[in-house]
Amino acid sequence: AAAPERPPAPERAVVERAPWWPFEKGPHYGEVPASRRHDPRVLRLPVGSFDTRGAGLAIPVELLADEQDLRAGHGPWLVQLTGPITESRKAVLAEAGASIVRYVPNNGFLVVAPDPDRLRAAPGVLWVGPYQPAYRIEPSIGGAPTASPERARNRWFDLRVRLVDPDLEPAVLARLEALGASVDRNATFDPHDVPGRIYFRTDAAQIFTIARWPEVWWIEEVSREGFTLNAETKVVIQSGAIGNGTPLWDAGVDGRTQVVGDMDSGLDVDTILVSHTATDAGTPGPDHRKVLVYSGWSSPPDFQTCAGTSGYSHGTNTTQCAVGNRSDLGLDGNLDGVARAAKVVFQDVGPSDFICCLVGCLDVPPSLFALYDEVRAQGGHLTNGSFAICDYGTYGSHASDADRYAWDNRDFLAFFSGGNGGAGNACPGTNKNNISSGGHYQDPFQNEHYGSTGPGPDGRVGPTVLAPACDHAGGNTEPEFDFDTSTSIQSDDNDITGTPAGDEGLDQGSCGTSFSSPYLMGAAALIRDYFEQGFFPSGQAAAGDAFAPSGALVKAALINSGDFVEGCVGCAEPGLMGSMGMGRVNLSNTLAIAGDARTAPGIRVIDRGMDVGLATGETLEEPIEITDTTRPLRVTLVWVDREGSLLTNDLRLVVTGPGGGAAQTYYGNNFSAGPFSLSQAADGTTDDHANVFESVRIDPAELVTGTWTVRVEGTNVPMGDPSWSDTQPFALIAAGGFDSVGIPEVSPVGSSEPLRVVSATGTDVTWTWEDLQQAATTYSFYRGSLATLAAGSWDLRMIDAGQCDIPTSTTTVADRRDGASSYYLVAARRDGRDGTLGSGSDGSPRPGADPACP
């Protein structure tokens, strides 16, 4: 048995909620068979799915709309088009007088249309039907966990309505108050929230009245009751095993450029892992060693912890897992967190009264947007929430908000606990764009699964990836395993000031995905630190290569680093994408460090997560020249989709070997019970329409040297991002036996398109060379002295600025009659870096130009 969870798991605190649905049918009305889920004539709603050629969903007559009422009130309609959806196919909706509210899979839209008959007659329209009141009620209302016997009776609910048009907000707010609902104006008019959402409390019967209003397209429960979910990890997460050490820390990748957020029950700043000095907790603020901000978000905020009441502060533990550090105070660093040099914005959402300290309850705001904004305002891009706030396995309001925030803020990534047991992920970890953390036991028992087994809603992978959550119940032997995975230093009082507690406050024995989640956030901080220090592509810090990665790229790096859990003990399903998610994170699988054989030889990155991506039918191809077939080739594609449990925008990953054919073609997310992808020849042909990532991992035994092609396809992008030309942004990362820079030589020896002169007139000489025909590739044209070369030295240099970043495979140089004998070389250029210039006649690599093109 696992070590006891601390604090108690939610099931020990919650009160069972009473049934409240009054009808024989619903609130969920059934699904088409899984084999037909992606049929282009099926519409998939949160309340069920149906074929538009059939009778539709069987819903209560009380929740059917009168079509004449819909017409009179300009109510919402469902329309299905011929797919895949392109901008030109969408244009017929506007031409028919309809305005789009949101996308509905498959190939459908929720629209407001004054004349649905015009829609039915529009070209490419397959079906039009009423958006029934039954479709607007979240099936999980009345299921969120609660410790309140009064709330558990389900006589009233805290709800949120979403409107078809934000401009209708004042009118709907007035109607709600006339109905007797209690509107939460603070939440409704929170400047951090998004328009068209009204928060209120009302009794159960009024839900059905509100569902008939034409202004409303969705009604959902908003729970404010959260429950906490209960170090060798810093080594395991960097290199896979205790004995492999810390390659990233050794290279200086320790989170020093990062700020992270943590929402939890209180942080003991008066503990030495997060205090300002060894003798003073200090005051959180911009000059504090570890805590930039300590803010109170419970109602009312108390700025205290539970350590003096229960002997344990959950938030202290989660924060220390991510960023704890006492080594920079000259003390033993064995308890340091994963991103030990990062700082934290701590957000206290936990009342510190006796009962809440006992059961681990939280008081979470109805929307987390303001908390996310606070982290970003401090320069942070990562945040952790180790709690459950809605019913397991459901896509609740907080999960939806996490997806919406990721769509609106593409530099951001949130982490949530996957849950400590049972089927189904903990909500809000059920969102699709962020990270749901699963758990495994500590090395050497790392093939044993810990926590909930998933899956996520709508067949998504859940949890996303795994990190250590618990030591083995049998205990580990000294000296390597002399403390528990989530050991933390605890204070002996409830305040956050004073003299820091040291080892005398050590707490051991806590287990849970509450801790794997901040460990994964710490790993993400190392990933961001890697790119922001400029480790890509050279494998060593270079200020000129530094860039801020998108949240999609950080997520892609985590997924790409996952290790298959061999012989997984406790997994509900074998293989990747079962209850182990995409495996246990080992960053050395992806982040290359120059000269460190513990890490991947090469890494390739295309970060369009905050840039123009792909529209329907568009593709991107990236060649990768495999030279070392002893390492697997790992490739992962990630995109941030619009909010909603089902996919709106869908991309596909395809990896093809130099020989082509089915045996060297791999489609994303085709795994069986092993660690590697199935080729097309081995029946790996499934097209994933559930997840916002696709991954390929090719067995070294199936690799051959030569050029492999990674292709990203815009399968269906019905609602692209207008900020990026109505396309779907994405991030792509690869790791394996190849050169990180990955810019091929231009016109190599034997090329059918050699570097050559095509004309010489007066002083002008026009040159041409091989056109690589790769996106975002330009060319640099260099010249050197033949006399210097004959003497045994290369002296090639930039000619002038006009010979840099040449967009085509030709240029003209005015030097025909300058009296010099020269040689010329051309280099391909990408991301501000020249590729190889090939080798000289003696076989040695030609050096780069000096000076080179800037």
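Parameters and conventions
Residues numbered from 1 in each chain as written. Predicted model: local features only at pLDDT ≥ 70, side-chain atom pairs only at ≥ 80, totals over all residues. Heavy atoms only, no water. Axes fitted to C-alpha atoms, helices over the stretch in contact; angles between N-to-C directions. Helix = DSSP H or I, 4+ residues; strand = E, 2+ residues; numbered from the N terminus. Left-handed = near helix turned anticlockwise from the far one by under 90°. Contact = heavy atoms within 4.5 Å. Nonpolar A, V, L, I, M, F, W, Y, C, P; charged D, E, K, R; others polar. Patch = residues over 30% accessible without salt bridge, like charges linked within 9 Å, V, L, I, M, F, W, Y side chains within 5 Å. Areas by Shrake-Rupley, 256 points an atom, 1.4 Å probe, with all protein chains shown as cover. Salt bridge = Lys/Arg side-chain N within 4 Å of Asp/Glu carboxyl O. Pairing = 2+ DSSP bridges. Buried < 20%, exposed > 50% of the residue type's maximum accessible area, 1.4 Å probe, protein only. Phe/Tyr/Trp six-rings, centres within 6.5 Å; stacked < 30°, edge-to-face > 60°. Lys NZ or Arg CZ within 6 Å of the ring centre and 35° of its normal. pLDDT = per-residue confidence, 0-100. Arc of directions from axis to C-beta. Disulfide = S-S within 2.5 Å.

### Notes on the packing of helix 15 (residues 513–532) against helix 16 (residues 551–560)
Phase 1 of the analysis: As a packed pair, helix 15 and helix 16 sit with axes 10 Å apart at the nearest point and diverge in direction by 115°. Two packed elements cross with a definite hand, and for helix 15 against helix 16 that hand is right-handed. Packed against helix 15, whose contacting residues are L520, A523, A524, I527, R528 and F531, the element helix 16 presents L553, V554, A557 and L558 at the interface.
Phase 2 of the analysis: Split into classes, the residues belonging to the contact of helix 15 with helix 16 amount to 9 nonpolar, no polar and 1 charged.

### Describing a nonpolar patch on the surface
Phase 1 of the analysis: A cluster of nonpolar residues, F354, I355 and L358, forms a patch on the protein surface that exposes about 330 Å² of accessible area.
Phase 2 of the analysis: The residue F354 is located in helix 12 (residues 354–359) in this model.

### What to know about the sheet that holds strand 39 (residues 810–814)
Pairing between sheet strands relies on hydrogen bonds along the backbone, with the strands arranged either parallel or antiparallel.
Phase 1 of the analysis: Strands sit in the order 35-36-39 across an open sheet of 3 strands; the sheet is antiparallel. Pairing within the sheet leaves two strands with one partner each, and these edge strands are strand 35 (756–761) and strand 39. For this sheet, the mean inter-axis angle between neighbouring strands, taken without regard to orientation, is 20°.
Phase 2 of the analysis: In terms of strand pairing, strand 36 (residues 764–768) meets strand 39 through 5 bridges, oriented antiparallel. Within strand 39, the residue paired with D764 across the bridge is A814.

### Some details on the pattern of salt bridges
Phase 1 of the analysis: Enumeration over the complete set of coordinates arrives at 41 salt bridges.
Phase 2 of the analysis: The salt bridge partner of R197 is D193, with a shortest N-O separation of 3.1 Å. For the residue pair R197 and D193, the accessibility class agrees, reading buried in each case.
Phase 3 of the analysis: Several salt bridges converge on common partners, so that one network encompasses R160, R162, D193, R197, E220, D401, R404, D408 and E643.

### Thoughts on the packing of aromatic side chains
Each pair of aromatic rings is reported with the distance of its centres and the angle of its planes.
Phase 1 of the analysis: Taken as a whole, this structure holds 30 aromatic pairs when the rule is applied.
Phase 2 of the analysis: Each ring, one from W20 and one from W21, has its centre 5.5 Å from the other, and the planes form 85°; the classification is edge-to-face. Of the two residues, W20 and W21, neither departs from the other in class, the shared state being buried.
Phase 3 of the analysis: An angle of 85° between the planes, with centres 5.7 Å apart, marks the rings of Y441 and Y450 as edge-to-face. Each member of the pair, Y441 as well as Y450, is classed as buried.
Phase 4 of the analysis: These aromatic residues form a ring-pair network of at least three members: W20, W21, F23, F157 and F208.
Phase 5 of the analysis: Above the face of the W213 ring, R175 is positioned so that its terminal group lies 4.2 Å from the ring centre.

### As for the confidence of the model for the protein
Phase 1 of the analysis: Taken over all residues, the pLDDT of the protein has a mean of 90, while the share at 70 or more is 96%.
Phase 2 of the analysis: Scored below 50 in pLDDT, residues 1–12 shows 33 contacts in the model against residues more than four places distant or in partner chains.
Phase 3 of the analysis: Scored below 50 in pLDDT, residues 476–483 shows 18 contacts in the model against residues more than four places distant or in partner chains.

### Observations regarding helix 2 (residues 87–95)
Phase 1 of the analysis: When we look at burial in helix 2, the residues that qualify are K90, V92 and L93. One side of helix 2 carries all its buried residues, which in axial view fall inside an arc of 135°. Exposed residues pointing more than 90 degrees away from the buried face of helix 2 are listed as S88, A94 and E95.
Phase 2 of the analysis: Among the structural elements, strand 3 (76–81), strand 4 (99–104), strand 5 (108–112) and helix 3 (116–120) are those in contact with the buried residues of helix 2.
Phase 3 of the analysis: Two residues or fewer after helix 2 comes G97, characterised by a positive phi angle close to 85°.

### A word on the state of the cysteines
Phase 1 of the analysis: Taken as a whole and assessed by the stated rule, the structure comprises 4 disulfides.
Phase 2 of the analysis: The residue that forms a disulfide with C470 is C511, at a sulfur-sulfur distance of 1.9 Å. Between C470 and C511 the disulfide shows an S-S torsion of about 50°. By sign, it is right-handed. Residue C470 is located in strand 21 (residues 465–470), and its partner C511 is located in the loop between strand 23 (506–507) and helix 15; the two are separated by 41 residues in the primary sequence.
Phase 3 of the analysis: Through a disulfide, C804 is tied to C853; the S-S separation comes to 2.0 Å. Looking down the S-S bond of the C804 and C853 bridge, the torsion is -80°, so its handedness is left-handed. In this pair, C804 sits in the loop between strand 38 (797–798) and strand 39 while C853 sits in the segment after strand 41 (833–834), placing the two residues 49 residues apart along the sequence. The same class applies to C804 and to C853, which are both buried.
Phase 4 of the analysis: C321 takes part in no disulfide bond, and the closest cysteine sulfur to it belongs to C511, at a distance of 11 Å.

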